[in-house]
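# Structural characterization, general
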Amino acid sequence: AQKITQTQPGMFVQEKEAVTLDCTYDTSDPSYGLFWYKQPSSGEMIFLIYQGSYDQQNATEGRYSLNFQKARKSANLVISASQLGDSAMYFCAMREGSNAGKSTFGDGTTLTVKP
Amino acid sequence: DTAVSQTPKYLVTQMGNDKSIKCEQNLGHDTMYWYKQDSKKFLKIMFSYNNKELIINETVPNRFSPKSPDKAHLNLHINSLELGDSAVYFCASSHLAADTQYFGPGTRLTVL
């Protein structure tokens, strides 16, 4: 059974600093995708970044990068130069190739950026 | 233009009532989903449709019935609402079942 673990219920970071949000996963499927979503206090779910299990390079999207360590089954999200608007809940999610369409989400990490 | 839209945004109703939530996407995607987010923010998939056909049906009470009149719409009908149905319901869509999912703004359902 697939499983996503986010061990940090809450994180704080100073504005302009970098922060890493942890995500570990468990799957026996060699083909899978990993996703990060942001949910601000307004409630919408915003897609941030995607990493495929066969991708050789770590994914990057602007200030977001995904530190993908396949052997450790971790897919940490790194946010560089934090901004006040980054304060939100962040969800890690995984989809297995053999179970396409069904995403499993972690419990989320609440990030607070301090001025 | 809103990519994935849901109506209504808020829904307050009495226990035992029947209600529907509508979802539409204008992204040309083939696959649509319904998720439930509970009070602890835990997000769980309920249903998935691909080209109007049901492909995922998680352990959801049969009081919940999704309906997809075409691949751009996926509605959720809930019969005999219970207090435990109170949650935020998200619709999402993706081009293919394995692709990135894009979420609607959510519908906050409150059952009194």
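Whatever comes next refers back to the structure up there.
All of the points below concern the structure found in this document.

A separate point is the overall build of chain A. Across its full length, chain A carries zero helices and twelve strands. The C-alpha atoms of chain A give 14 Å as radius of gyration, which agrees with the globular expectation for 115 residues (13 Å, within 12%). With the principal axes as the frame, chain A shows a C-alpha extent of 45 × 25 × 20 Å. Split into buried and exposed, the 115 residues of chain A put 49% on the buried side.

A word on the state of the cysteines. All names here are of chain B. Applying the stated rule across the entire model yields two disulfides over all chains. Between the sulfur atoms of Cys23 and its disulfide partner Cys91 the distance amounts to 1.8 Å. Residues Cys23 and Cys91 are joined by a disulfide whose S-S torsion is about -75°; by sign, that bridge is left-handed. Linking Cys23 in strand β3 (residues 19-25) with Cys91 in strand β9 (residues 87-94), this pair joins segments that are 68 residues apart in sequence.

Let us now look at the environment of Lys16 of chain A. Residue and element names in this part refer to chain A. Topologically, Lys16 is positioned in the loop between β2 (10-14) and β3 (19-21). In sequence terms Lys16 and Ala59 are 43 residues apart; their C-alpha atoms lie 21 Å from each other. The residues contacting Lys16, other than those within four sequence positions of it, are Ala81 and Ser82.

Criteria and cut-off values
Residues numbered from 1 in each chain as written. Chains lettered and ligands numbered in written order. Predicted model: local features only at pLDDT ≥ 70, side-chain atom pairs only at ≥ 80, totals over all residues. Heavy atoms only, no water. Helix = DSSP H or I, 4+ residues; strand = E, 2+ residues; numbered from the N terminus. Rg over C-alpha atoms; globule rule 2.2 N^0.38 Å. Buried < 20%, exposed > 50% of the residue type's maximum accessible area, 1.4 Å probe, protein only. Disulfide = S-S within 2.5 Å. Contact = heavy atoms within 4.5 Å.

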